[in-house]
Amino acid sequence: MTEANHAAKSSPLNVRSGPQSVGRIVTMLEALANAENGATLSDLALDTGAPKTSLVGLLAGLTAEGCLARDATGRYFLGPRFLSLAMRAIAGRELIVLARPILADLVAATGETAVLGALAPDADLAIYLDKVESSNPIRYAVTVGERRELYCTALGKVLLAHFDPARLRHYLKSTQRRKFTETTITAGAKLEADLSAIRVNGIARTNDERIPGASGVAAPIFASDGTVAAVALIAGPSERMRANAETNERAVRQAAAECTRATGGIAVAPRHDKHPLK
């Protein structure tokens, strides 16, 4: 085999058809999917067989679109947009399909936007998997794939409340909690009390905590092993949410229970632990 032929066979770019940039993007995505700790520009240049200067623009574009994420050290990871697409196409597909009519019924019952969310696969953040928006001209709007903090959103608090004690302790100790509004709960003790109440009541409520004028109500959707697989949420203008609180909470509980049953999950009885971390 000649040296030229050997190079042609060993280069990952030359075994692909189509535009060169497409081959490089696919190769980078494959490399990042296999890189537990991310990859540097140099790593990706080695993986693709391309010069660094040829990858800088591609990486910048993919990062700007949310397909990749770049940390402070310059390492690249698969980003929220790409992960959301993967989740919808594979693991979350069944749940999303089964939950969609339930979300539609939830919107019909409450008049508010209904959202299906879960824990992001790579970070302690909530991610929106699907939505059915309210037809009301003044409504809460979300983008599928968007991420939100756990400590100040109804969806996130349901997830956080069902962390195991060790993971919850680590989260409370290590996560910086920004005070987005006057009602955002940032104090550890107060947040722990809020999470305990969520475990007892089986529902999370937020009032203007993340966005002024917007409030939410959420309930857990359980998997077959009793863990929280996802969360059903409705959100809308705070004044309207408060006026219809009882109806909204009843509807969200029912929707979450229906999603649990539809996916073969096993509902877990509320926990009455006042001090779960002790």
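For the structure, check the block above.
Residues numbered from 1 in each chain as written. Predicted model: local features only at pLDDT ≥ 70, side-chain atom pairs only at ≥ 80, totals over all residues. Heavy atoms only, no water.

Time to look at the side chain of Thr-113. Within the element layout of this structure, Thr-113 appears in strand E3 (residues 113-119). The residues contacting Thr-113, other than those within four sequence positions of it, are Val-107, Val-132, Glu-133, Ser-134, Arg-139, Tyr-140, Leu-233, Ile-234 and Ala-235. (Helix = DSSP H or I, 4+ residues; strand = E, 2+ residues; numbered from the N terminus. Contact = heavy atoms within 4.5 Å.)

Our focus in this paragraph is the nonpolar core. Formed by 29 residues in total, the largest nonpolar core has its most connected members in Leu-155 and Leu-160. Sorting the residues of this core by element identifies strand E4 (126-132), helix H7 (154-161), helix H8 (165-174), helix H9 (188-201), strand E7 (214-222) and strand E8 (228-237) as the ones contributing at least two each. It is H7 that contributes the most residues to this core, six residues altogether. Beyond its immediate sequence surroundings of up to four residues, Leu-160 is in contact with Leu-150, Tyr-151, Leu-168, Tyr-171, Leu-191 and Leu-195. Listed in part, the 27 residues of the second largest apolar core include Ala-114, Val-217, Ala-219 and Val-252. (Core = buried A, V, L, I, M, F, W, Y, C linked by side-chain atoms within 4.5 Å. Buried < 20%, exposed > 50% of the residue type's maximum accessible area, 1.4 Å probe, protein only.)

Here we come to H8. Looking at H8, one finds that the buried residues are Leu-168, Tyr-171 and Leu-172. Seen from one end, H8 has its buried residues packed into an arc of 95°, which puts them on one side. Within H8, the exposed residues directed more than 90 degrees away from the buried face are His-170 and Lys-173. Against the buried residues of H8 lie H7 and H9. You can read the cap of H8 off the contacts: a side-chain oxygen lies 3.1 Å from the backbone nitrogen of Ala-166, and it is on Asp-164. (Arc of directions from axis to C-beta. Polar contact = N/O pair within 3.5 Å; in protein donor to acceptor, adjacent residues only side chain to side chain.)

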